[in-house]
Amino acid sequence: MTATLAPTASPLTDFSHCHEGIVARLNAFAALPELMEAATRARQIAQETLAFFRGAVFDHHKDEEKDLFPAVLAHATPGAEHLEVQSMVETLTAEHRRIEALWLDLEPQLEKVAKGADVNFNSAATQELVDRYRAHARFEEERLLPLAQTILGRQSADLAELGLALHTRHVVTAARRGLRGS
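The text that follows walks through the structure, step by step, so that each part is easy to find. As the structure is a prediction and not an experimental result, all values here were calculated from the model.

## Overview of the overall build of the protein
Counting its regular elements, the protein contains 5 helices and 0 strands. The secondary structure elements of the protein, listed N-terminal to C-terminal, are α-α-α-α-α. Each of the 182 residues in the protein was classed as buried or not, and the buried ones make up 25%. When contacts within the protein are restricted to residue pairs at least 6 apart in sequence, long-range pairs at least 24 apart make up 75% of them. Just so you have it, the protein exposes about 12600 Å², and 61% of that area is on carbon and sulfur atoms.

Next comes the structure, spelled out in structure tokens:
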């Protein structure tokens, strides 16, 4: 007994199914320019963030810890005011270390993104860093800096000295970066 192959319902149906597959692939292809723009933007953001974070954020933490915090502590009134400042300084310094640790974990991934490599980027750690820094900055803006203004404002020479120290460090840092070509 010989088996015979049943012909397809219609040879035209096969052509129709091929077109469906081709159109589906072309639809995906049509999204490519938009995806390429997003990938390019991701690389740019990664490059800019790498350059910014190490310099601006780490330097900002150093400025606070080397100049601002000691100046405010030194001029806080003994007792409750000094204890409040001491508590804030300890909290903010610990937050600096936590933010920097989060950054150091994310930095290698960001370097790969900046080079256009595929990365399984840690979005939870990214969001944690952003959320922590926002809260950190808000605390400084709402609590520490107004108190620092009150404390250092009692001694205008101390406030001027702090400003000069920060200005000098920023000028030196900018000059060093300029000499390195970055």
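There's more to say after this.
## Thoughts on the packing of aromatic side chains
Within this structure, the stated rule accounts for 2 aromatic pairs. A ring pair is formed by Phe 53 and Phe 58, whose centres lie 6.0 Å apart and whose planes are at 70 degrees; its orientation type is edge-to-face. For Phe 53, a relative accessible area of 7% corresponds to the buried category. Taking 4.1 Å as the distance between ring centres and 10 degrees as the angle between the ring planes, the aromatic pair formed by Phe 53 and Trp 103 counts as stacked. You can see Phe 53 sitting in helix α2 (residues 32-75) and its partner Trp 103 sitting in helix α3 (residues 80-114), a full 50 residues away along the chain. Judged by its relative accessible area of 3%, Trp 103 falls in the buried class.

## Observations regarding the side chain of Glu 140
Among the structural elements, Glu 140 can be located in helix α4 (residues 123-153). Buried and unpaired, Glu 140 has Arg 97 as its nearest opposite-charge partner, separated by 10 Å. Not counting residues within four places of it along the chain, the set of residues in contact with Glu 140 comprises His 60, Glu 64, Phe 69, Leu 92, His 96, Leu 145 and Pro 146.

## Observations regarding α2
The end-to-end C-alpha distance of α2, which contains 44 residues, comes to 60 Å, matching closely the 64 Å that a straight helix rising 1.5 Å per residue would cover. A maximum bend of about 40 degrees is found in α2 at Phe 53.

## Section: a nonpolar patch on the surface
Side chains of Ile 22, Leu 26, Phe 29, Leu 32, Leu 35 and Met 36 sit close together on the surface and give an oily, nonpolar patch of about 610 Å² of accessible area. Sorting the residues of the nonpolar patch by element identifies α1 (11-30) and α2 as the ones contributing at least two each. Position of Ile 22 relative to the elements: it lies in helix α1.

Basis of the calculations
- Numbers given for residues are sequential positions, taken from 1 along each chain in its written order.
- With the structure being a predicted model, the display of local features is reserved for residues of pLDDT at least 70 and the display and counting of side-chain atom pairs for 80 or more, all residues being used for whole-chain, interface and lining totals.
- With hydrogens and water stripped out, all remaining heavy atoms of the structure feed into the side-chain values.
- Per the convention used, a helix needs a DSSP run of H or I reaching at least four residues, while a strand needs a run of E reaching at least two, with both numbered from the N terminus.
- When a residue's accessible area, from a 1.4 Å probe over protein chains only, is under 20% of the maximum for its type it is buried; when over 50% it is exposed; and in between it is partly exposed.
- What makes two residues a contact is simply this: any of their non-hydrogen atoms within 4.5 Å.
- Surface accessibility in these figures is a Shrake-Rupley result with a 1.4 Å probe; residues are shielded only by whichever protein chains are displayed.
- Any two rings among Phe, Tyr and Trp, with Trp reduced to its six-membered ring, count as a pair given centres within 6.5 Å; such a pair is stacked if its planes are under 30 degrees apart, edge-to-face if over 60, and tilted if neither.
- In summary, the charge assignment counts Lys and Arg as positive and Asp and Glu as negative, without counting His or the chain termini.
- What makes a salt bridge here is a side-chain nitrogen of Lys or Arg within 4 Å of a carboxyl oxygen of Asp or Glu, nothing more.
- One less than the number of residues in a helix, times 1.5 Å, gives the span that helix is expected to have.
- Note that bend, as reported per residue, equals the angle between axes fitted to the 7 residues terminating at that residue and the 7 residues originating from it.
- The patches reported here contain residues having more than 30% relative accessible area and no salt bridge. Joining distances are 9 Å for like charges and 5 Å for nonpolar side chains (Val, Leu, Ile, Met, Phe, Trp, Tyr).

By themselves, these figures tell us nothing about what the structure is for.
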